[in-house]
Amino acid sequence: CFGAQRAGVVFGWVFASRMVGAGISAWTSGFIRESTGSYDIAVIDAWSKRIAELNDFVTESGAAFVLVISPDKHSIYPEKLPPVLKPAERTTTDDVIETMRTRKVPLLDLRAAMKASKAEMQTYFRTDTHWTRAGAGRAFDLTLDFLNDEYDLNLVQADYSLQPTRRRSGDL
């Protein structure tokens, strides 16, 4: 399963085959949704019910629960995917989020903020499936801000500075 002929590369950006698979899955889900008007609502309802039950369990135990949507590289850099993969307007994740909100589960969706952040920083490595330090720092800051706002906390942002580093290679 390795080799240049099997990698999805666009202008030097590499996506693992599972990430291209996730992109295909997202596209297919979007196509089904746009063609039929919905997904299998039972599947989304089952996911949402289990997460809501987990929220209830954690909350009843005296702790706080937050569902954080941590985006994959293909959802932040869809323009770097092979041209045949065009992202859907609405995804399964969108429907799950909508359902979670109706169930009153505290939720932080990092997708929009991470997309906006790419104008000022590279949030994912070009040849890796992971966030860059800048991307991880941005996600951390956003999560801390959410926790402070949602739970009326006063958690202090970490005092860090991000310096460029050289990496030999990524995980792809």
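Basis of the calculations
Residues numbered from 1 in each chain as written. Predicted model: local features only at pLDDT ≥ 70, side-chain atom pairs only at ≥ 80, totals over all residues. Heavy atoms only, no water. Phe/Tyr/Trp six-rings, centres within 6.5 Å; stacked < 30°, edge-to-face > 60°. Helix = DSSP H or I, 4+ residues; strand = E, 2+ residues; numbered from the N terminus. Buried < 20%, exposed > 50% of the residue type's maximum accessible area, 1.4 Å probe, protein only.

**Observations regarding the packing of aromatic side chains**
Part 1: As enumerated under the stated definition, the model contains 2 aromatic pairs in all.
Part 2: Taking the centre distance of 6.3 Å and the plane angle of 90° together, the rings of Y77 and Y124 count as edge-to-face. Of this pair, Y77 sits in the loop between α3 (73–76) and α4 (92–102) while Y124 sits in the loop between α5 (111–117) and α6 (133–151), and the two are 47 residues apart along the sequence. Across the pair, Y124 and Y77 agree in class, each one buried.
Part 3: For the pair Y124 and W131, a centre-to-centre distance of 6.4 Å together with 65° between the ring planes defines the contact as edge-to-face.
Part 4: Y124 gets classed as buried once you look at its relative accessible area, which sits at 2%.
Part 5: Judged by relative accessible area, W131 falls into the partly exposed class, the value being 25%.
Part 6: Joined through ring pairs, the aromatic side chains of Y77, Y124 and W131 make up one cluster.

Purely geometric numbers; function is a separate question.
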